[in-house]
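# Observations on chain architecture
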Amino acid sequence: MAVLVDLELCTGCARCLRACPYQALELAEGKALINERCTLCGTCIEVCPEGALSSDAEEKPIPDFSDHSGVWVLVEHHQGRLHPVSLELLGRARGLAQDLGQEVAALLLGRNVEGLCPALIAGGADTVHLAEHDLLENYLTLPWAKAAARVIRQAKPEILLIGATHQGRDLAPRLARRLGLGLTADCTELAIDPEERILWQTRPAFGGNVMATIASRFSRPQTTTVRPGIMEALRPDPKRTGQVVRHQAALELSELGAVIKGTIAARTEGVDLTKAKIIVSGGRGLGDAEGFGLLGELAGLLGGQVGGTRVAFEAGWIPYERQIGQTGVTVRPELYIACGLSGAIQHRAGILDSRYIVALNKDPGASIFEVADFGLVGDYKVLVPALIQAIKGN
């Protein structure tokens, strides 16, 4: 397969060169030329005004998926408690299911976890598909992948949503491989296309510099992982009713591949920025770790938490639990105060759901001002102490 150039139609306008994300085109004697970097993405074909570019690939017929139905959420839980991302995904699943005229289901695996079913139904599930087994007590890739794949093959959902947690990022690709599915990772937006009635899955691409929208037309269920904090959980409704469907998990000890002898809780600061109402965040512009001490004082007066950028984490100024952005956590506080950070798209992706953003930066052209509700131009070493004194009433 290849992209073809009709030299008679090509005018050498270079639109295809500018549009190609892989630099796979060049001009030779005033005509477009495809080089070895081409990935057959088709971007150049779409932008060519003369219709000079085409593909010799045959259009693949879309299979009949009329026997698939339902928007499913793969439930994550620890020590008898639901992970918040599962409830967040149930909230978004309800909107997707309404657009499709279908139902919402939760896929719950584990041992003695039936007690979680009422919370899942109250959180938006119409049906809970429950598979219990002694070997599912602790998360292990192989038994969970086998048990989940068995239920999915039997019930044939239309869409499967998985949290982009450590567990979800481990399990999702294994499931995709077992079931022959496409998989879109770390999505930030989900929507139903009104014409094709398929799932549009939007995620950052090219280092966060663009947002790519992806569709899985040739496999079901359409499977995606979504980072915690992106979607919003519904208010629990204890009056909601639903059904529990039990499935067998045919597992053998020899299939485990590993046995968990015990677990040790990781040492963390105990901070959860996804629940913080106020966050004071810093970046490269702070210059050193001492600057975060000043931010900590401001955050303390406001009853908030301190966060930071990837640069601040890599410099050792903050622990990973406080990193915000595409490679950290996504937050949605009432107030986000950004101090000395430029506002790179990777960081902005993690804060855009904040109710109010206040930016402090000495560079008036900093990108953070493009998304800020309020901005102060100046050195944070002057502005932050002034804010502290104003709050203290001095």
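Please read all numbers here as calculations on a predicted model, not as lab measurements. In every chain, residue numbers begin from 1 and rise along the written sequence. At least 70 in pLDDT is required for a residue's local features to be given in this predicted model, at least 80 for side-chain atom pairs to be given and counted, and no such filter applies to totals for whole chains, interfaces and linings, which use all residues. Excluding hydrogens and water, the side-chain figures rest on all heavy atoms present in the structure.

### Examining the overall build of the protein
Helix and strand content of the protein: 10 helices and 21 strands. The buried share of the protein, taken over its 394 residues, is 45%. When checking whether two residues touch, look at their non-hydrogen atoms; a contact exists if any pair is within 4.5 Å. Excluding contacts between residues fewer than 6 apart, the proportion of contacts in the protein whose partners are at least 24 apart in sequence is 62%. Note that accessible areas follow from Shrake-Rupley with a 1.4 Å probe, and for residues the cover is restricted to the protein chains shown. Surface summary for the protein: the accessible area is close to 20,500 Å², and the carbon and sulfur share equals 49%. Of note, the protein has its 39 positive side-chain charges centred 6 Å away from the centre of its 45 negative side-chain charges. Secondary structure is summarised from DSSP: a helix means a run of H or I of at least four residues, a strand means a run of E of at least two, and numbering begins at the N terminus for each. Each residue's exposure class comes from its accessible area (1.4 Å probe, protein chains only) as a fraction of the maximum for that residue type: buried when under 20%, exposed when over 50%, partly exposed otherwise. Charge convention: Lys and Arg are scored as positive, Asp and Glu as negative, and His as well as the terminal groups of each chain are ignored. Where a charge lies is defined by one atom per residue type, namely NZ (Lys), CZ (Arg), CG (Asp) and CD (Glu).

### Concerning the packing of helix 7 (residues 290–302) against helix 10 (residues 380–392)
Note on geometry: axes are lines fitted to C-alpha atoms, helical ones only across the stretch in contact, with angles between N-to-C directions running from 0 to 180 degrees. Between helix 7 and helix 10, the least distance of the axes is 10 Å, while the angle of their chain directions is 25°. One element, helix 7, and the other, helix 10, form an angle in the roughly parallel class. Seen along the crossing, helix 7 lies across helix 10 with a hand that is left-handed. In this structure, helix 7 uses G291, L294, L295, E297, L298, L301 and L302 to contact helix 10, whose residues at the interface are Y380, V384, P385, L387, I388, I391 and K392. Each angle gets one of four labels, with under 35 degrees taken as roughly parallel, over 145 as roughly antiparallel, 65 to 115 as roughly perpendicular, and the rest as oblique. The handedness criterion is simple: a crossing whose near helix is rotated anticlockwise from the far helix by less than a right angle is left-handed, and one whose near helix is rotated clockwise is right-handed.

### Considering the pairing of strand 5 (residues 71–74)
Residues of strand 5 alternate between two faces, with V71 and V73 on one and W72 and L74 on the opposite face, all of them buried. Of the strand pairs in this sheet, strand 5 and strand 8 (residues 104–110) are connected by four bridges, and their pairing is parallel. Bridged to W72 within strand 8 is A105. Examined bridge by bridge, strand 5 and strand 10 (residues 159–163) share four bridges and lie parallel to one another. Directly across from L74, in strand 10, lies its bridge partner I162. Two strands form a pair only when DSSP identifies at least two bridges running between them.

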